[in-house]
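# Residue-level structure breakdown
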Amino acid sequence: MSFAWQELIGYAASLLVAASLMMSNVLRLRWINLSGALAFTVYGALIHAWPVFAVNLLITGINAWFLAQM
C-alpha cells in the first residue's frame, strides 16, 4: 500500500482535530484544533480541494481570534 505524502498531511490533520476534541482545557483545545485546521488548509490547497481549503482557513481564523482573546 502506497500513500502520497499529501495524504499523510490529511491523516495528520484528522488526528490533530480528533485529539483536540478530547481536551478538557479550552486553551489546549484551541491550539491543537488550530494546528489541525492549518494542516487541513495546506492539504486542501495541495490537492486542489477548495471547499476543504476555505472552511479550514475560516476555522484557522476563528481559532486564532479566540486565542488572541484569551
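Figured I'd write up the structure that's included with this text. (Residues numbered from 1 in each chain as written. Predicted model: local features only at pLDDT ≥ 70, side-chain atom pairs only at ≥ 80, totals over all residues. Heavy atoms only, no water.)

## Concerning the side chain of T41
Tracing the backbone shows T41 in helix α2 (residues 26-46). Polar contacts involving the side chain of T41 include one to the main-chain amide nitrogen of L57, which spans 3.3 Å. Those residues in contact with T41 that sit more than four places away from it in its chain are F53, N56, L57 and T60. (Helix = DSSP H or I, 4+ residues; strand = E, 2+ residues; numbered from the N terminus. Polar contact = N/O pair within 3.5 Å; in protein donor to acceptor, adjacent residues only side chain to side chain. Contact = heavy atoms within 4.5 Å.)

## What about the side chain of N63?
Topologically, N63 is positioned in helix α3 (residues 50-69). Accessibility expressed as a relative area gives 3% for N63, which makes it buried. Side-chain polar atoms of N63 contact the side chain of N33, separated by 2.7 Å. Apart from residues no more than four positions distant in its own chain, N63 is found in contact with R30, N33 and L34. (Buried < 20%, exposed > 50% of the residue type's maximum accessible area, 1.4 Å probe, protein only.)

## Things to note about the packing of helix α1 (residues 5-20) against α2
One can describe the packing of α1 onto α2 by two numbers: an axis separation of 8 Å at closest approach and a directional angle of 155 degrees. In terms of their interaxial angle, α1 and α2 are classed as roughly antiparallel. Handedness of the α1/α2 crossing: left-handed. Across the interface between the two elements, W5, Q6, E7, I9, G10, A13, S14, L16, V17, A19 and S20 of α1 pack against L29, I32, N33, S35, G36, A37, A39, F40, Y43 and L46 of α2. Each residue belonging to the contact of α1 with α2 can be placed in one class, and the counts come to 13 nonpolar, 7 polar and 1 charged. (Axes fitted to C-alpha atoms, helices over the stretch in contact; angles between N-to-C directions. Parallel < 35°, antiparallel > 145°, perpendicular 65-115°, else oblique. Left-handed = near helix turned anticlockwise from the far one by under 90°. Nonpolar A, V, L, I, M, F, W, Y, C, P; charged D, E, K, R; others polar.)

## Overview of α3
When the terminal C-alpha atoms of α3 are compared, their 29 Å separation across 20 residues agrees well with the 28 Å that a helix rising 1.5 Å per residue should span. When we look at burial in α3, the residues that qualify are N56, T60, N63 and L67. For α3, the buried positions fall inside an angular range of 70 degrees around the axis, keeping them on one side. Among the exposed residues of α3, those oriented more than 90 degrees off its buried face are P51, L58, A68 and Q69. (Expected span 1.5 Å × (residues − 1). Arc of directions from axis to C-beta.)

## Here we look at the packing of aromatic side chains
For the coordinates displayed, the defined rule picks out 3 aromatic pairs. Between F40 and Y43 the ring centres are 6.3 Å apart and the planes differ by 65 degrees, which places this aromatic pair in the edge-to-face class. With a gap of 3 residues between them, F40 and Y43 both fall in helix α2, about one helical turn apart. Residue classification places Y43 among the buried positions, given a relative accessible area of 18%. With a centroid separation of 5.8 Å and an interplanar angle of 85 degrees, the aromatic rings of W50 and F53 are classed as edge-to-face. Taken together, the residues span about one helical turn, with W50 and F53 both in helix α3 at a distance of 3 residues. A relative accessible area of 47% means that W50 is categorised as partly exposed. You can call F53 partly exposed: its relative accessible area is 26%. Looking at R30, its charged tip hangs above the ring of F66, at a distance of 4.2 Å from the centre. (Phe/Tyr/Trp six-rings, centres within 6.5 Å; stacked < 30°, edge-to-face > 60°. Lys NZ or Arg CZ within 6 Å of the ring centre and 35° of its normal.)

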